[in-house]
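# Structural overview
What follows is the residue order along each chain.
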Amino acid sequence: MLKENTAVVTGGSRGIGKAIAVKLAELGANVAVIATHDGEQARDTIKTIEDMGRKAGLYVCDISDIKAVNDAVSQIITDFGGVDILINNAGITKDKLLMQMTEDDISSVIDVNLKGCMYVTKACLRNFIRKRRGRIVNISSVVGLMGNAGQANYSASKAGIVGFTKSVAREYASKGITCNAIAPGFICTDMTGSMPKEAVEAMLDNIPCKRYGKPEEVAELAAFLVQDCASYITGEVIKIDGGMYI
Ligand code: NAI
């Protein structure tokens, strides 16, 4: 299915990124993980993939640094012989009401979530064009579509990803490259684990499915979008949110 494919997964050391990296490996892909730290979580992801008999590599890189991104992607292409799939998953939150947000709260979230996604995509494009094939999946969020109090910076970054996804889809569809976005609702990960308990519980009232999502469920959708069966889907934003935003 994904045999002889190389996937790059940003933020693949934990949470949704890890679930996607492992799922793609399960389908036969070799996986290059981009993460900010060479920590235990990142090493555990690499080991899990290698134990499945796939090639895996960890590339420590801050995706908001364009030079670091270009260097990491060049190294991945050298080490793996090319890239077939890019999952732009890395993201951060700095939640506050807009009145209280500092310049850093705004710029760091836009730099990582939106500019980082653009930098990594740009770095992979020449390789995709040469192969006349590429699959790009960007992880947005339902709050990029509906907005959320306390997340003006984050929502703007995730809405930006939607416009970026549609533009890249239009620019490169004729080159065999698809670009889609996934907009998850509330998924149980370290990111949501740091939210106040009351806020998390209150969220359930707004989820018709009456449960939170799992990283593995997002991974199934990402895996579908990168396979040949999805080659006629591009420029789409697919929600996976238990009905949170209908
Ligand atoms: P997480 O916090 O568990 O993992 C984020 C990953 O991104 C980590 O591996 C981290 O090292 C990496 N990362 C952060 N900044 C980076 C940088 N500057 N350079 C390289 N890597 C960096 O988050 P989670 O929950 O797994 O989220 C993954 C993606 O899904 C994020 O983009 C998030 O915004 C999005 N998302 C998550 C939802 C949720 O409910 N958990 C809902 C909607 C979207």
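Just so it is clear, the structure is predicted and the values come from calculations on it, not from any experiment.

### Structural notes on the overall build of the protein chain
Per the secondary structure count, the protein chain includes 9 helices and 7 strands. Relative to a compact globule of 246 residues, whose C-alpha radius of gyration would be 18 Å, the protein chain shows 17 Å and is just as compact. Its C-alpha atoms give the protein chain principal-axis dimensions of roughly 45 × 35 × 35 Å. For the protein chain, the proportion of its 246 residues judged to be buried stands at 50%. Looking at the protein chain alone, contacts between residues at least 24 apart form 74% of all its contacts between residues at least 6 apart. Just so you have it, the protein chain exposes about 11,600 Å², and 53% of that area is on carbon and sulfur atoms.

### Things to note about the sheet that holds strand 3 (residues 56–60)
Reading across the sheet, the 7 strands line up as 3-2-1-4-5-6-7 and stay open at both edges, with parallel pairing between neighbours. Single-partner strands in this sheet number two, and they are strand 3 and strand 7 (237–240). Shown here is a sheet whose adjacent strand axes are inclined to one another by a mean of 20°, direction ignored. Summarising the sheet, strand 1 (residues 6–10) and strand 4 (residues 85–88) pair through 3 bridges and their orientation is parallel. Paired with Val 8 across the strands is Leu 86, a residue of strand 4.

### Topic: helix 9 (residues 215–226)
Between its terminal C-alpha atoms helix 9 stretches 17 Å, which fits the 16 Å expected from 12 residues at 1.5 Å a residue. Within helix 9, burial applies to Pro 215, Val 218, Ala 219, Leu 221, Ala 222, Ala 223, Leu 225 and Val 226. Looking at the packing, one finds that the buried side of helix 9 touches helix 1 (15–26), strand 4, strand 5 (134–139), strand 6 (177–184) and strand 7.

### Here we look at the packing of helix 1 against helix 2 (residues 40–51)
Packing of helix 1 against helix 2 brings their axes to within 9 Å, and their N-to-C directions diverge by 15°. With respect to helix 2, the axis of helix 1 lies roughly parallel. Our pair here, helix 1 against helix 2, has a crossing hand that is right-handed. Seen from helix 1, the contacting residues are Lys 18, Ala 21, Val 22 and Ala 25; seen from helix 2, they are Asp 44, Thr 45, Thr 48 and Ile 49.

### Description of the environment of Asn 138
With respect to the secondary-structure elements, Asn 138 resides in strand 5. Spatially, the C-alpha atoms of Asn 138 and Val 162 are 8.5 Å apart, while their sequence positions differ by 24 residues. Aside from chain neighbours lying at most four places away, what touches Asn 138 is Asn 88, Cys 117, Thr 121, Ile 161, Phe 164, Thr 165, Cys 179, Asn 180, Ala 181 and Ile 182. At 2.8 Å, the side chain of Asn 138 forms a polar contact with the side chain of Asn 88.

### With respect to the packing of aromatic side chains
All told, the structure shown has 2 aromatic pairs when counted by the stated rule. With 4.6 Å between their ring centres and 40° between their planes, Phe 186 and Tyr 212 make a pair best called tilted. On the criterion of sequence distance, the pair formed by Phe 186 in the loop between strand 6 and helix 7 (190–193) and Tyr 212 in the loop between helix 8 (197–204) and helix 9 is long-range, its members being 26 residues apart. In this structure, Lys 55 packs its charged tip against the face of Phe 80, placed 4.8 Å from the ring centre.

### Quick word on a nonpolar patch on the surface
A contiguous nonpolar patch, built from Leu 145, Met 146 and Tyr 245 and spanning about 230 Å² of accessible area, is present on the exposed surface. The topology assignment puts Leu 145 in helix 5 (residues 143–146).

### Focus on the side chain of Asn 153
For Asn 153, the location among the structural elements is in helix 6 (residues 152–172). Here the side chain of Asn 153 touches Lys 94 through a polar contact of 3.0 Å, landing on its backbone oxygen. Apart from residues lying up to four places away in sequence, Asn 153 is in contact with Lys 94, Met 101, Asp 105, Ile 106, Val 109 and Ile 110.

Each value, and the rule that gives it
- Residues numbered from 1 in each chain as written.
- Predicted model: local features only at pLDDT ≥ 70, side-chain atom pairs only at ≥ 80, totals over all residues.
- Heavy atoms only, no water.
- Helix = DSSP H or I, 4+ residues; strand = E, 2+ residues; numbered from the N terminus.
- Rg over C-alpha atoms; globule rule 2.2 N^0.38 Å.
- Buried < 20%, exposed > 50% of the residue type's maximum accessible area, 1.4 Å probe, protein only.
- Contact = heavy atoms within 4.5 Å.
- Areas by Shrake-Rupley, 256 points an atom, 1.4 Å probe, with all protein chains shown as cover.
- Pairing = 2+ DSSP bridges.
- Axes fitted to C-alpha atoms, helices over the stretch in contact; angles between N-to-C directions.
- Expected span 1.5 Å × (residues − 1).
- Parallel < 35°, antiparallel > 145°, perpendicular 65-115°, else oblique.
- Left-handed = near helix turned anticlockwise from the far one by under 90°.
- Polar contact = N/O pair within 3.5 Å; in protein donor to acceptor, adjacent residues only side chain to side chain.
- Phe/Tyr/Trp six-rings, centres within 6.5 Å; stacked < 30°, edge-to-face > 60°.
- Lys NZ or Arg CZ within 6 Å of the ring centre and 35° of its normal.
- Patch = residues over 30% accessible without salt bridge, like charges linked within 9 Å, V, L, I, M, F, W, Y side chains within 5 Å.
- Salt bridge = Lys/Arg side-chain N within 4 Å of Asp/Glu carboxyl O.

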